[in-house]
Protein chains: 2
Amino acid sequence: MLPTNTAERLCKIYGILQMIKKDSGYVSSKELASMMGTTDFTIRKDISALNLVSFGRRGYHIGELSSVLGKALQLSRPYRSCIVGLGRLGSALLDYESFRGDGFDIVAGFDSNINKIERIRTQIAVYPVSELDQVVKNKSIEVGIIAVPHNSAQEVATTLVKSGVKGILNFSPAQIKVPSEVVLYNMDFTSALRFVVSQI
Amino acid sequence: MLPTNTAERLCKIYGILQMIKKDSGYVSSKELASMMGTTDFTIRKDISALNLVSFGRRGYHIGELSSVLGKALQLSRPYRSCIVGLGRLGSALLDYESFRGDGFDIVAGFDSNINKIERIRTQIAVYPVSELDQVVKNKSIEVGIIAVPHNSAQEVATTLVKSGVKGILNFSPAQIKVPSEVVLYNMDFTSALRFVVSQI
DNA sequence: GACTTATCGTGAATTTATTCACAGAAAGAG
DNA sequence: CTCTTTCTGTGAATAAATTCACGATAAGTC
Ligand SMILES: NC(=O)c1ccc[n+]([C@@H]2O[C@H](COP(=O)([O-])OP(=O)(O)OC[C@H]3O[C@@H](n4cnc5c(N)ncnc54)[C@H](O)[C@@H]3O)[C@@H](O)[C@H]2O)c1
Ligand SMILES: NC(=O)c1ccc[n+]([C@@H]2O[C@H](COP(=O)([O-])OP(=O)(O)OC[C@H]3O[C@@H](n4cnc5c(N)ncnc54)[C@H](O)[C@@H]3O)[C@@H](O)[C@H]2O)c1
């Protein structure tokens, strides 16, 4: 498996490639490095983990690199995903159309508040959280996005895992636990802000 | 200065301490480790960088550790912050009351859309983005949170830096550049989702 | 007060990540 | 066709981060 830091950077590179796809067909390690705030050797080392052979003095062919990365990172097919908790943040995520183009198919939203579910206006199907297990199984949802208050986060995570979700993106500040075979990534805004001021 | 990973974990620890403050007065490296998904030696090494002396068989005194961490990470005073871009995400952030309790004083919001500014209902003062420079200077705002579309992100970042902001949290997927003395942290949801599926 | 136990602090060992240095490949110029 | 330039790929060197091992300390127990 790819080293963690390498995988993280490769995901970033993949995103950049999607954005610049229309531009001239090649991109160099130096250009990528300057966009990502790292060095060209790091980029080359990262990419060299993919056994891509594309020499010359023009850099990497964007289409080719993109496709190799897509395979290595398993990004070449869309992932069925859901959002749990449709408050301020969750409903913003539900409405974010770019996810589809980025390879994430948001196919369901869940909330515990029935009134909220009735009021919500969106293309995406929304359900009471009591149906989470059933819907996740029926729709073979693989990724769960948690946007509930921190005191409900563990409970939601546990249900998601039981229902068969393979990966979780957690927006709550709660420290949740999942079995080691399930991938968990935390996006804690407050921690991020704290890190920023700690580095000032 | 603290090693990057250490600083990041210490911020997380600080957040945990704030949450469990009411509980019994001590917490051990093992407990922290299990909450954070790391090991007890790592926690102890991290904390040992702070020259905290607190022996015994009860672990760390929560109040004491919290105060030492607050000093080391410069978190012991509130930081004046602003949000630029009051769309779906930005307005959710503007409304997130917990930031205040977490030591971040959101004192202004900005948007380029005048109609939006008039319609927004919030306690926090909102301004057209044309006044950003002036307001940031007048209110001595230190931290900027970017929630504008990716094609405006660099422009906003440049203005924030010119106005004197010291740290930036960027929610757009754009790869923005700032002078090295300004702290930049990116929260790219799509990259995070990609990382999750790459690890599945 | 001696004994037991849970926990910390930290130097040393190990693993992981980054950086360097340079050979090799292709594109373009003359 | 040869020379120059601009890239990549990668083994070796360096740096950073994590893990281990264990002595030291204080709380609780008898
Ligand atoms: N809003 C922000 O800008 C912001 C910033 C930082 C962190 N967060 C975190 O993101 C999470 C969501 O924040 P928010 O502002 O959207 O909160 P919110 O209160 O607006 O929304 C939470 C939603 O979750 C629903 N909910 C509660 N328990 C549930 C359960 N067990 N199952 C399903 N749904 C449930 C509620 O009905 C509500 O609709 C929180 O953990 C918060 O700490 C939000
Ligand atoms: N909404 C989400 O859930 C989500 C998810 C992932 C990433 N993001 C990113 O977060 C950012 C904001 O997303 P959003 O969904 O809130 O977008 P949005 O379109 O709802 O809001 C963007 C806001 O920025 C304002 N704006 C545009 N240019 C500006 C400028 N130069 N100065 C000040 N304000 C300006 C617009 O008027 C609008 O109000 C985007 O970069 C998006 O890619 C959002």
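Each remark here, short or long, concerns the structure printed above.
Thresholds, definitions, all that
- Each chain carries its own residue numbering, running from 1 in the direction its sequence is written.
- To read the labels, note that chains go from A and ligands from 1, taken in the order they are written.
- Totals for whole chains, interfaces and linings use all residues, but because this is a predicted model, local features are given only for residues with pLDDT of at least 70 and pairs of side-chain atoms are given and counted only at 80 or more.
- For side-chain calculations, the full set of non-hydrogen atoms in the structure is used, while hydrogens and water are omitted.
- Nearness is defined per residue: one heavy atom within 4 Å of the molecule or strand is enough.
- N or O atoms within 3.5 Å of each other form a polar contact, as long as, within protein, one can give a hydrogen and the other can take it, and as long as residues adjacent in sequence are counted only when both atoms are side-chain atoms.
- Only DSSP runs of H or I with at least four residues qualify as helices, and only runs of E with at least two residues qualify as strands; both kinds are numbered from the N terminus onward.
- Residue classes follow a fixed rule: Ala, Val, Leu, Ile, Met, Phe, Trp, Tyr, Cys and Pro count as nonpolar, while Asp, Glu, Lys and Arg count as charged, and any other residue, Gly among them, counts as polar.
- In short, Shrake-Rupley with a 1.4 Å probe defines the accessible areas, and a residue's cover is counted only from the protein chains shown.
- In what follows, residue pairs with any heavy atoms lying within 4.5 Å of each other are defined as contacts.
- Accessible area that two parts lose when put together, with a 1.4 Å probe and added across both, is what the buried area reports.
- For this document, the term salt bridge refers to a Lys or Arg side-chain nitrogen within 4 Å of an Asp or Glu carboxyl oxygen.
- Burial classes follow relative accessibility: with a 1.4 Å probe on protein chains only, a residue under 20% of its type's maximum area counts as buried, one over 50% as exposed, and anything between as partly exposed.
- Helix axes use the C-alpha atoms of the stretch in contact, all axes being lines fitted to C-alpha atoms, and the angles between their N-to-C directions lie in the range 0 to 180 degrees.
- Should an angle fall under 35 degrees it is taken as roughly parallel, and over 145 as roughly antiparallel, whereas 65 to 115 is taken as roughly perpendicular and any remaining angle as oblique.
- For any pair of crossing helices, the crossing counts as left-handed if the nearer helix is rotated counterclockwise from the farther one by less than a right angle, and right-handed if it is rotated clockwise.
- The term nonpolar core refers to a set of buried residues drawn from Ala, Val, Leu, Ile, Met, Phe, Trp, Tyr and Cys, joined through side-chain atoms within 4.5 Å.
- In this scheme, strands are said to pair when DSSP sees at least two bridges between them.

Trainee: Could you give me a rundown of the protein's contact with DNA strand C, with the residues and numbers involved?
Mentor: Residues in close proximity to DNA strand C total 25 residues, the closest being A:Arg9, B:Ser29, B:Arg44, B:Leu52 and B:Tyr60. Restricting attention to atoms of DNA strand C within 4 Å of the protein, one finds that 63% of them are sugar or phosphate atoms. Measuring from a phosphate oxygen of DNA strand C, one finds a side-chain N or O atom of A:Thr39 at 3.4 Å. Here a phosphate oxygen of DNA strand C and a backbone polar atom of B:Leu52 are 2.9 Å apart. Elements supplying a minimum of two residues to the surface near DNA strand C: α1 (4-20) and α3 (40-48) of chain A together with α3 (40-48) of chain B. The biggest single contributor to the surface near DNA strand C is α3(A), with four residues. When grouped by side-chain class, the residues that make up the surface near DNA strand C number six nonpolar, 11 polar and eight charged.

Trainee: Give me the lowdown on the site of ligand 1, citing residues and values where you can.
Mentor: Of all residues adjacent to ligand 1, which total 24 residues, the nearest are A:Leu89, A:Asp111, A:Lys116, A:Val148 and B:Tyr96. The environment around ligand 1 is built from residues contributed by chains A and B. A distance of 2.9 Å is found between an oxygen atom of ligand 1 and a backbone nitrogen or oxygen belonging to A:Leu89. Here B:Leu93 contributes a backbone N or O atom positioned 3.4 Å from an oxygen atom of ligand 1. Protein chains bury 85% of the 820 Å² of accessible surface belonging to ligand 1 in isolation. Those elements that place two or more of their residues in the shell around ligand 1 are α5 (88-94) and α9 (150-163) of chain A together with α5 (88-94) of chain B. Tallied by class, the residues present in the shell around ligand 1 amount to 14 nonpolar, seven polar and three charged.

Trainee: So what about the interface of chain A and chain B? Which residues, and what values?
Mentor: Listed by partner, the interface residues are 55 residues for chain A and 56 residues for chain B. Here chain A and chain B share an interface that buries about 5,300 Å² over both sides, 72% of which is from carbon and sulfur atoms. By the criterion of area lost to chain B, the three top residues of chain A are A:Leu193, A:Arg194 and A:Phe195, representing 14% of everything that side buries. Inspection of the region where chain A meets chain B yields four salt bridges.

Trainee: I'd like a description of the protein's contact with DNA strand D, backed by residues and values.
Mentor: Around DNA strand D, a shell composed of 24 residues is seen, among which A:Ser29, A:Arg57, A:Tyr60, B:Arg9 and B:Arg57 lie nearest. For DNA strand D, a phosphate oxygen lies 2.4 Å from a polar atom in the side chain of A:Ser29. Measuring from a phosphate oxygen of DNA strand D, one finds a side-chain N or O atom of B:Thr42 at 3.3 Å. Elements with a minimum of two residues in the surface near DNA strand D: α3 of chain A together with α1 (4-20) and α3 of chain B. With four residues, the top contributor of residues to the surface near DNA strand D is α3(B). Of the residues contributing to the surface near DNA strand D, the split by class is six nonpolar, 10 polar and eight charged.

Trainee: Residue-level account of helix α10 (residues 189-199) of chain A, with values.
Mentor: Residues and elements named next belong to chain A. With 11 of 11 residues buried, α10 lies mostly within the body of the structure. All buried positions along α10 are accounted for by Phe189, Thr190, Ser191, Ala192, Leu193, Arg194, Phe195, Val196, Val197, Ser198 and Gln199. Two to three positions downstream of the cap, the backbone nitrogen of Thr190 sits 3.1 Å from a side-chain oxygen, assigning the N-cap of α10 to Asp188.

Trainee: For the packing of α10(A) against α1(B), give the residues involved together with the corresponding values.
Mentor: For the pair α10(A) and α1(B), interaxial distance at closest approach is 9 Å and the crossing angle is 125 degrees. The angle between α10(A) and α1(B) places the two elements in the oblique class. Like other packed secondary-structure pairs, α10(A) and α1(B) cross with a definite hand, here right-handed. Counted together, A:Ser191, A:Arg194, A:Phe195, A:Ser198 and A:Gln199 of α10(A) and B:Thr4, B:Ala7, B:Glu8, B:Cys11, B:Lys12, B:Tyr14, B:Gly15 and B:Gln18 of α1(B) form the full contact between these two elements. Along the lines of polarity and charge, the residues of the contact of α10(A) with α1(B) split into four nonpolar, six polar and three charged.

Trainee: Could you give an account of the nonpolar core, naming the residues involved and the relevant values?
Mentor: Grouped together as the largest cluster of nonpolar side chains are 91 residues, with contacts concentrated most on A:Phe189 and B:Phe189. Once residues lying within four places of it in the same chain are set aside, the contact partners of B:Phe189 are A:Leu93, A:Phe99, A:Leu169, A:Phe171, A:Met187, A:Phe189, B:Leu89 and B:Phe171.

Trainee: Could you give me a rundown of the site of ligand 2, with the residues and numbers involved?
Mentor: Near ligand 2, the surroundings consist of 24 residues, among which A:Tyr96, B:Leu89, B:Asp111, B:Lys116 and B:Val148 are the closest. Mapping the residues adjacent to ligand 2 onto the chains of the assembly identifies chains A and B. At 3.4 Å, a backbone N or O of A:Leu93 approaches an oxygen atom of ligand 2. Contact between ligand 2 and B:Asp111: an oxygen atom at 2.5 Å from a side-chain N or O atom of the residue. Coverage of ligand 2 by the protein amounts to 85% of the 820 Å² it exposes when considered alone. When contributions to the shell around ligand 2 are tallied by element, the ones reaching two or more residues are α5 of chain A together with α5 and α9 (150-163) of chain B. The leading source of residues in the shell around ligand 2 is α9(B), at three residues. When grouped by side-chain class, the residues that make up the shell around ligand 2 number 14 nonpolar, seven polar and three charged.

Trainee: With reference to specific residues and values, describe the sheet that holds strand β7 (residues 167-170) of chain A.
Mentor: Residues and elements named next belong to chain A. Pairing in this open sheet of six strands is parallel, and the strands run β5-β4-β3-β6-β7-β8 from one edge to the other. The outermost strands of the open sheet, each flanked by one partner alone, are β5 (126-128) and β8 (183-186). When the angles between neighbouring strand axes are averaged without regard to direction, this sheet yields 20 degrees. Sitting on the sheet, α9 touches β3 (79-84), β6 (143-146) and β7, and the angle it makes with β6 is about 170 degrees.

Note that every value here comes from positions in space, so none of it alone points to a role or purpose.
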